[in-house]
Amino acid sequence: MNKEGNLKRSSRNMKISTRITLTSILGIVIPVLILAGISGMFFHTVLSRFNYSTVTTNSYSMLNQIQWNQTMASISNELISSDSDEVKRSSVSGFVSPLEELGVKLYIEKNDKEFYATAKKADVLKTANGIMEITDDKNVNYFGENGMVIVNHASDGSSRYLVIAASNDYTVKDISARYRAEDFPSMLFSRTGVMAVFIALVFVLSIIVLSLITSKTISKPIRELADGANEIANGNLDYEIDYDSTNEIGVTVKSFNHMTAQLKSSLEKQSALEQSRKEMIAGVAHDLRTPLTSVKGYVEGLRDGIANTPEKQENYLKTIYSSTLTMERLLDDLLTISRLELGSITLSPAVTDLTGFLNDCADELSFELEKQNFDFEYNNNCSDGVLVNLDVDRFSRVITNIVSNSVKYAKKDVKGKIVLEAQEYSKSVIISISDNGIGLDSESLPKIFETFYRADKARSKTSEGSGIGLAVCKQIVELHGGNIWATGEEGKGLTVHISLNKIQGENDGKKDTDC
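Peer 1: Quick question: what am I supposed to make of the overall build of the protein chain here?
Peer 2: The helix and strand tally for the protein chain stands at twelve helices and twelve strands. Evaluated residue by residue, the protein chain yields a buried proportion of 35% over its 515 residues. Within the protein chain, counting contacts between residues at least 6 apart in sequence, those at least 24 apart form 64% of the total.

Listed below in structure tokens is the structure:
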């Protein structure tokens, strides 16, 4: 970023309190600098133009005092210069000529000897002492009704100069006199009045300009913030206020943008939940309708006498019973997931030997899978005595639901196989249940634990499951403080992994692996 960009960013990041304080300071400093600059121009141009360095009157005024100061300073500077005495006298004569025309007596002494004089020392001292008592060793600047006296000293190191100027033809206006009302306009429009008005105007204009600049830097982002609020109120949640700063307004703008993003995200989540709710209702209706239609059809067959043999009647009753069990499982799963999500189901965990629990699960699964013509393999790689906190009944349902899901999605032309494995790590154990079924595509893998999600979009296998079994598994595992996830590929089977925390004990650290 270039220098101009850095300055702009630095100015934008300035705090409002700092900005206001700086404005107040600049409201004083800038007018002073302006007046100082004008004064410098005044002394370099206006003074010389109007002959302010030469005394032109015997009447006291501010201008007259400036003239005397300029004249005496010029004489002193010339006396201590490196010029020869002849050059000095010639230069001093040029300064003194206007004074002589006004009747001023001047005496200059170098090293206690006369150097230049318009009158004898005695006459100059007599005139000066007649106005006020003076001494040779003190500087004097006196302007009074009875005259004026100036005594200056100058030295260039090797020479000492004494300058005495005196005039008894000098007047000073009575400063105790009060201006009359009719004199006010003339006073206002005099040189002093104009200068006072000019100074006041400089201060006022400077403060106004600085106030406008400061107001603009504050009001602009506030307007942007107001515009943003209106956009949000009108439903434009994609609107973002473009104001990058670290000051108070910048922090407010960032919070506002963050609030807008959070609001948009919240509304999107709400919309997604609403869509999920609609899909869930549709799914429940569909999944209930299929077995209910089957029950209705077979009951009508029995009523109408279509099942006219004992064998047909038995088959009809078996189908009715199977459909009834399907509806019961669906309602049971639905009730369970609802209670889990509402938090109305609490676990009753107990310290459990994992190997013993898995051995019992393996025996039961082996028996059930054998009846369904499935191969079963069990590999427990955990050491003896691994303890976990389990609600055995709830967690058994997790294992059962996962295995049922694997059975449901087995390949039709390949003998099914289920593998139960357990692997121990330093702080956890991971239980894996794998199958050689149809698997899932990568898009469906993260979604299989969502309520009513089924990779079978047509929902043609309603009789084989409710679509919420794995969602129940997820809720129960998370209530145990564990994690559940799935891996696999389409056509190559599915593996569901469950991670549980170990109860730390004597067997810690027996494995080199960590998790």
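Picking up after the structure, the text goes on.
Peer 1: Help me understand the packing of helix H3 (residues 62-79) against helix H4 (residues 85-101), please; the structure alone is not making it clear to me.
Peer 2: For any two helices packed against each other, one specifies the crossing angle of their axes together with the interaxial distance. The interhelical angle for the contact between H3 and H4, taken along N-to-C directions, is 165 degrees, at an axis separation of 9 Å. In terms of their interaxial angle, H3 and H4 are classed as roughly antiparallel. For the pair H3 and H4, the sense of crossing is left-handed. Along the contact surface, H3 presents Trp68, Thr71, Ser74, Ile75, Glu78 and Leu79, while H4 presents Val87, Lys88, Ser91, Val92, Phe95, Val96 and Leu99.

Peer 1: Before we go on, may I ask you to explain the sheet that holds strand S11 (residues 483-488) in this structure?
Peer 2: Whenever strands of a sheet pair, they do so through backbone hydrogen bonds, lying parallel or antiparallel. Spatial ordering of the open sheet is given by S7-S9-S10-S12-S11, a layout of five strands whose pairing is mixed. Lying at the two open borders of the sheet, with one neighbouring strand each, are strand S7 (375-380) and S11. Each adjacent strand pair in this sheet contributes to an overall mean axis angle of 15 degrees, direction not counted. By the bridge criterion, six bridges tie S7 to strand S9 (residues 417-424) in an arrangement that is parallel.

Peer 1: For this particular structure, what's the right way to read the sheet that holds strand S5 (residues 160-167)?
Peer 2: In space, the five strands of this open sheet follow the order S2-S1-S5-S4-S3, with antiparallel pairing throughout. Each edge of the open sheet carries a strand with a single partner, namely strand S2 (113-117) and strand S3 (140-144). Shown here is a sheet whose adjacent strand axes are inclined to one another by a mean of 15 degrees, direction ignored. Where H4 meets the sheet, it contacts strand S1 (105-110), S2 and S5, and its direction lies at approximately 45 degrees from that of S2.

Peer 1: So what exactly am I meant to see when it comes to the packing of helix H10 (residues 354-371) against helix H11 (residues 392-408) here?
Peer 2: Orientation of H10 relative to H11, taken along the N-to-C sense of each, is 35 degrees, at an axis distance of 11 Å. Considering only the axes of H10 and H11, their crossing is right-handed. In this structure, H10 contributes Phe357, Cys361, Leu365 and Leu369 to the contact, and H11 contributes Val392, Phe395, Ser396, Ile399, Val403 and Val407. Of the residues that constitute the contact of H10 with H11, the class distribution is nine nonpolar, one polar and no charged.

Peer 1: So what exactly am I meant to see when it comes to the environment of Ser366 here?
Peer 2: Of note, Ser366 is situated in helix H10. Classification of Ser366 as partly exposed rests on a relative accessible area of 31%. Considering only alpha carbons, one finds Ser366 and Phe376, ten residues apart in sequence, at a separation of 6.0 Å.

Peer 1: Is there a simple way to think about H10 in this case?
Peer 2: Side chains that are three or four residues apart share a direction in an α-helix, a result of its 3.6 residues per turn. Look at H10: 26 Å from first C-alpha to last across 18 residues, which is about the 26 Å you get at 1.5 Å a residue. Those residues of H10 not exposed but buried are Leu354, Thr355, Phe357, Leu358, Cys361, Ala362, Leu365 and Leu369. Mapping the buried residues of H10 onto a view down its axis gives an arc of 145 degrees, with all of them on the same face. For H10, exposure combined with an orientation more than 90 degrees from the buried face picks out Asp360, Asp363, Glu364, Phe367, Glu370 and Lys371. If you follow the buried residues of H10, they end up packed against strand S6 (350-353), S7, strand S8 (387-390), H11, S9 and strand S10 (428-435). In the segment just after H10, Asn373 is the residue with positive phi, at about 60 degrees.

Peer 1: Just checking my understanding: could you explain the pattern of salt bridges for this structure?
Peer 2: Where charged atoms from two side chains of opposite charge come close, those side chains can pair. Per the stated rule, a full pass over the model turns up eleven salt bridges. Between Arg303 and Asp304 there is a salt bridge, with the nearest N and O atoms lying 3.2 Å from each other. In terms of burial, Arg303 and Asp304 fall into one category: exposed. Residue Glu314 is joined to Lys318 by a salt bridge in which the shortest nitrogen-to-oxygen separation is 3.6 Å. Within this pair, Glu314 and its partner Lys318 are both found in helix H9 (residues 310-342), separated by four residues, close to a single helical turn. The exposure class assigned to Glu314 is partly exposed, which follows from its relative accessible area of 45%.

Peer 1: I keep staring at H4 and nothing clicks. Help me out?
Peer 2: Spanning 17 residues, H4 covers 24 Å between terminal C-alpha atoms, matching the ideal 24 Å at 1.5 Å per step. The largest bend in H4 amounts to roughly 35 degrees and is located at Phe95, with the proline Pro98 lying one to four residues further along. Those residues of H4 that are buried are in contact with H3, S1, S2 and S5. Of the residues trailing H4, Gly103 is marked for its positive phi of about 80 degrees.

Peer 1: Is there a simple way to think about the packing of aromatic side chains in this case?
Peer 2: Aromatic ring pairs are defined here through the distance separating the ring centres and the angle between the ring planes. Following the criterion strictly, the structure yields five aromatic pairs and no others. An angle of 45 degrees between the planes, with centres 5.8 Å apart, marks the rings of Tyr60 and Phe143 as tilted. You can see Tyr60 sitting in the loop between helix H2 (16-49) and H3 and its partner Phe143 sitting in strand S3, a full 83 residues away along the chain. Of the residues examined, Phe143 reaches a relative accessible area of 17% and is grouped as buried. One aromatic cluster is present, formed by Tyr60, Phe143 and Tyr170 through successive ring pairs.

Peer 1: Got a minute to help me understand the environment of Ile150 in this structure?
Peer 2: Turning to its location among the elements, Ile150 is positioned in strand S4 (residues 147-155). Ile150 gets classed as buried once you look at its relative accessible area, which sits at 1%. The spacing of Ile150 and Ala128 is 22 residues in sequence and 8.6 Å in space, taken between C-alpha atoms. With residues up to four places along the chain from it excluded, the contact list for Ile150 reads Trp68, Met72, Val140, Asn141, Phe143, Val163, Ile164 and Ala165.

Cut-offs and rules
- Residues numbered from 1 in each chain as written.
- Predicted model: local features only at pLDDT ≥ 70, side-chain atom pairs only at ≥ 80, totals over all residues.
- Heavy atoms only, no water.
- Helix = DSSP H or I, 4+ residues; strand = E, 2+ residues; numbered from the N terminus.
- Buried < 20%, exposed > 50% of the residue type's maximum accessible area, 1.4 Å probe, protein only.
- Contact = heavy atoms within 4.5 Å.
- Axes fitted to C-alpha atoms, helices over the stretch in contact; angles between N-to-C directions.
- Parallel < 35°, antiparallel > 145°, perpendicular 65-115°, else oblique.
- Left-handed = near helix turned anticlockwise from the far one by under 90°.
- Pairing = 2+ DSSP bridges.
- Nonpolar A, V, L, I, M, F, W, Y, C, P; charged D, E, K, R; others polar.
- Expected span 1.5 Å × (residues − 1).
- Arc of directions from axis to C-beta.
- Salt bridge = Lys/Arg side-chain N within 4 Å of Asp/Glu carboxyl O.
- Bend = angle between axes of the 7 residues up to and from the residue.
- Phe/Tyr/Trp six-rings, centres within 6.5 Å; stacked < 30°, edge-to-face > 60°.

Such coordinate-based values are descriptive only and should not be taken to indicate function.
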